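Remarks on the overall topology
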Amino acid sequence: MEVIILPTEHDVSELVATRLQNLIAKKPDSVIGLPTGATPLQVYKKLIQSFKENKIDFQKITTFNLDEYLGLGPKDPNSYFSFMKEVFFDHININIHNTHVLDGLTVDVAKECDQYENSIHHAGGIDLQLLGIGHDGHIAFNEPGSALRSRTRIKALTKETRQANSKYFGSLDHVPTHVLTMGVETILEAKECLLMAFGEHKSRAIAKMVEGAISSSCPASALQFHPNTKIIIDEQAASKLSRVNYYKSVFENKPEWQLKAEGFLSN
Ligand code: PGA
């Protein structure tokens, strides 16, 4: 796990967008895992901008979203499918048939979740998984207490997560109580993970994930097992880490060949 600390959300989003752009240039049929929420919004904006400037072609990529609210269909404005269309898919040349979001209206939850796992497998696995993190250390909707070997399944949301997401629904009462979500182990199978976080309010979760024990109390800490994960955060989200100077010096002193090999600089 490498921690990259940059001054602002803008810098973090720029670096992550560059990584995605380089990945797609190298492998046009990349399989990419996508998050929703506020964290990835600037990355999506930057990718849309690059698309408009003819610097990136999304035609052959395949995407899998991390999660969806149970009970919300793709046409519901609060569904994550609608969210993805509004902030990203409708603005690029992605083939909508190559995008995957769990079906929140399924009548057979177990079958839907199994099929999602199978679709990821048949696509060849996820090349790059983008992630945010919840205040409580959740990734996707794997709330604290989630098995670290969990697969795609139904999950009940904590009151805190429903509260945090109520801004999209107008009131807490309207936030669904259950979701379908990729499991922790599903996420760990991605070839590469990039987790982003911004702001002081994420600093406790970041410190627990990076420097705490691997524990289901902080599902994101399972990323410590992953051999190719980068945690890319702003100064405020890094404020409770104890090895900030070390993390910064590793990234600042990285040779150009390594940045290119990792896809953070164009060849
Ligand atoms: P956010 O959510 O990007 O809206 O902060 C992240 C999460 O809950 O995983």
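Quick summary incoming for the structure in this document. Since this is a predicted model, take the numbers as computed values, not measurements.

Comments concerning the environment of Gly-37
- As for its position among the elements, Gly-37 is in the loop between β2 (31–34) and α2 (41–52).
- Taking C-alpha positions, Gly-37 is 7.9 Å from Gly-132, a pair spaced 95 residues apart along the chain.

Description of the site of the ligand
- Around the ligand, the surrounding shell consists of Gly-37, Ala-38, Thr-39, Gly-132, Ile-133, Gly-134, His-138 and Lys-202.
- Here Thr-39 contributes a side-chain N or O atom positioned 2.5 Å from an oxygen atom of the ligand.
- Note that an oxygen atom of the ligand is positioned 2.7 Å from one of the side-chain N or O atoms of His-138.
- Mapping the ligand onto the cavity grids shows that it belongs to the largest pocket.
- Looking at the shell around the ligand, its residues break down into 2 nonpolar, 5 polar and 1 charged.

Considering the sheet that holds strand β8 (residues 178–181)
- Sheet architecture is open: 3 strands sit in the order β4-β8-β7, paired in antiparallel fashion. Because the sheet does not close on itself, it has two edges, and the strands there are β4 (67–69) and β7 (153–156). Averaged over neighbouring strand pairs, the angle between their axes works out to 30° when direction is ignored.
- The pairing of β4 with β8 spans 3 bridges and is classified as antiparallel. Looking across to β8, one finds that Tyr-69 is bridged to Val-179.

Conventions and cut-offs
- Residues numbered from 1 in each chain as written.
- Predicted model: local features only at pLDDT ≥ 70, side-chain atom pairs only at ≥ 80, totals over all residues.
- Heavy atoms only, no water.
- Helix = DSSP H or I, 4+ residues; strand = E, 2+ residues; numbered from the N terminus.
- Near = heavy atom within 4 Å.
- Polar contact = N/O pair within 3.5 Å; in protein donor to acceptor, adjacent residues only side chain to side chain.
- 1 Å grid on protein atoms, 1.4 Å probe; cavity = no way out; pocket = protein on both sides within 12 Å on 5 of 7 lines; lining within 4 Å.
- Sits in = over half its atoms within 2 Å of the grid points.
- Nonpolar A, V, L, I, M, F, W, Y, C, P; charged D, E, K, R; others polar.
- Pairing = 2+ DSSP bridges.
- Axes fitted to C-alpha atoms, helices over the stretch in contact; angles between N-to-C directions.

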